[in-house]
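# Coordinate analysis (summary)
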Amino acid sequence: MRIDKFLSNMGFGSRKDVKVLLKSKAVEVNGEIVRDAKRHVDENGDVITVDGEAVEYVEFIYLMMNKPPGVISATEDKYDETVIDLLGDEERHFEPFPVGRLDKDTEGLLLLTNDGKLAHELLSPKKHVAKTYYARIDGRVTEEDGVAFRKGVILDDGYQTKEAFLEILRNGEESEIELTITEGKFHQVKRMFESVGKTVVYLKRLSMGSLQLDPELELGEYRYLTDEELNNLKEKK
Ligand code: URA
């Protein structure tokens, strides 16, 4: 690829900024000063330095966000703030997108990446990637609800859900639960509870496959996945 594109992609500003950088003789390719913005480089083989510091080529980014309520899981929206608006320029120029959707009022784990292949694998219905949610429910959740979710319940559009696992954490007028599902129908957790006559009043995603929400992340914060998290996600999902 062209050196100006490479440096711009690696966060050295716009093509125009990079041109200025090149003119200042700050950029070397394999030890040789390069001033021509059109010069082609092998991003995986050439040693490219800026002010003597090697620039590693990174194609994909993988971020974990603790999605706050009131923000849309999309790359752009006419009216509302999106999860992409919460990112810094350094991450945004990689053009990441959310892997799947959380409702506007849902909080918790959201993976953002520009790796379409991994996103596709995580979202493919054939892969049955488990997602665990914590929820507060208006009403008393019962063991019978757990049995019903295990067998599959019929949603308002006639769809029968796949096996899901309910753990009741606290029971009362308002209950606390964790629910693990392996599919991702629209508003699935809310609609599953509706099918047993109850209402979800708070919903937060805790995990997706092997990836767990980092409890250190405040609402709206994000961080890069560790190598271990990424390898586990790629290998085991
Ligand atoms: N199920 C829902 O109802 N909403 C979400 O955001 C995610 C799962």
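A brief structural summary.

### Some remarks on the overall build of the protein chain
Along the backbone of the protein chain there are 7 helices and 13 strands. If you line up the protein chain on its principal axes, its C-alpha atoms span 70 × 35 × 30 Å. A buried classification covers 44% of the 237 residues belonging to the protein chain. Considering only contacts in the protein chain between residues 6 or more positions apart, those separated by 24 or more positions represent 63%. Summed over its atoms, the accessible surface of the protein chain is roughly 13100 Å², and 46% of this surface lies on carbon and sulfur atoms. Separation between the mean location of the 35 positive side-chain charges and that of the 48 negative ones in the protein chain comes to 5 Å.

### Things to note about the site of the ligand
Around the ligand, the surrounding shell consists of L102, D103, T106, Y133, H187, Q188, V189, K190 and L203. V189 has a polar backbone atom sitting 3.1 Å from a nitrogen atom of the ligand. Among the cavities detected, the one that contains the ligand is the largest pocket. With 3 residues, the top contributor of residues to the shell around the ligand is helix α6 (residues 188–195). Along the lines of polarity and charge, the residues of the shell around the ligand split into 4 nonpolar, 3 polar and 2 charged. Two domains each provide a minimum of three residues to the shell around the ligand, namely domain 2 (62–125 + 211–235) and domain 3 (131–208).

### A few points about the pattern of salt bridges
This structure, assessed with the given rule, holds 17 salt bridges. E32 is the salt-bridge partner of R39, the closest N and O atoms lying 3.9 Å from each other. On the basis of relative accessible area, R39 is assigned to the partly exposed category, the value being 28%. When the shortest N-O distance is used, the salt bridge between R191 and D156 registers 2.8 Å. Note that R191 is positioned in helix α6 and D156 in the loop between α5 (143–151) and β9 (165–170), a separation of 35 residues in sequence. By relative accessible area, R191 is classed as buried at 10%.

### Description of the layout of surface pockets
Of the voids in this model, the largest pocket is the one considered here, and its volume is about 620 Å³. Around the largest pocket sit 32 residues that line it, and R101, E183, G184, K185 and F186 are the ones nearest its centre. The set of elements that each furnish at least two residues to the lining of the largest pocket consists of α4 (116–123), β8 (131–138), α6 and β11 (199–208). When the residues that make up the lining of the largest pocket are grouped by side-chain class, the tally is 14 nonpolar, 9 polar and 9 charged. Two domains each provide a minimum of three residues to the lining of the largest pocket, namely domain 2 (62–125 + 211–235) and domain 3 (131–208). In this structure, the second largest pocket occupies an estimated 200 Å³ of space. As for the second largest pocket, its lining consists of M10, G11, V58, F60, I61, Y62, E90, H93, F94, Y224 and L225. Looking at the lining of the second largest pocket residue by residue, the class counts come to 8 nonpolar, 2 polar and 1 charged.

Quick notes on the rules
- Residues numbered from 1 in each chain as written.
- Predicted model: local features only at pLDDT ≥ 70, side-chain atom pairs only at ≥ 80, totals over all residues.
- Heavy atoms only, no water.
- Helix = DSSP H or I, 4+ residues; strand = E, 2+ residues; numbered from the N terminus.
- Buried < 20%, exposed > 50% of the residue type's maximum accessible area, 1.4 Å probe, protein only.
- Contact = heavy atoms within 4.5 Å.
- Areas by Shrake-Rupley, 256 points an atom, 1.4 Å probe, with all protein chains shown as cover.
- Lys, Arg positive; Asp, Glu negative; His and termini not counted.
- Charge placed at Lys NZ, Arg CZ, Asp CG, Glu CD.
- Near = heavy atom within 4 Å.
- Polar contact = N/O pair within 3.5 Å; in protein donor to acceptor, adjacent residues only side chain to side chain.
- 1 Å grid on protein atoms, 1.4 Å probe; cavity = no way out; pocket = protein on both sides within 12 Å on 5 of 7 lines; lining within 4 Å.
- Sits in = over half its atoms within 2 Å of the grid points.
- Nonpolar A, V, L, I, M, F, W, Y, C, P; charged D, E, K, R; others polar.
- Domains from an automatic or database assignment.
- Salt bridge = Lys/Arg side-chain N within 4 Å of Asp/Glu carboxyl O.
- Points joined across faces, edges and corners; volume = space filled by probe spheres on them.

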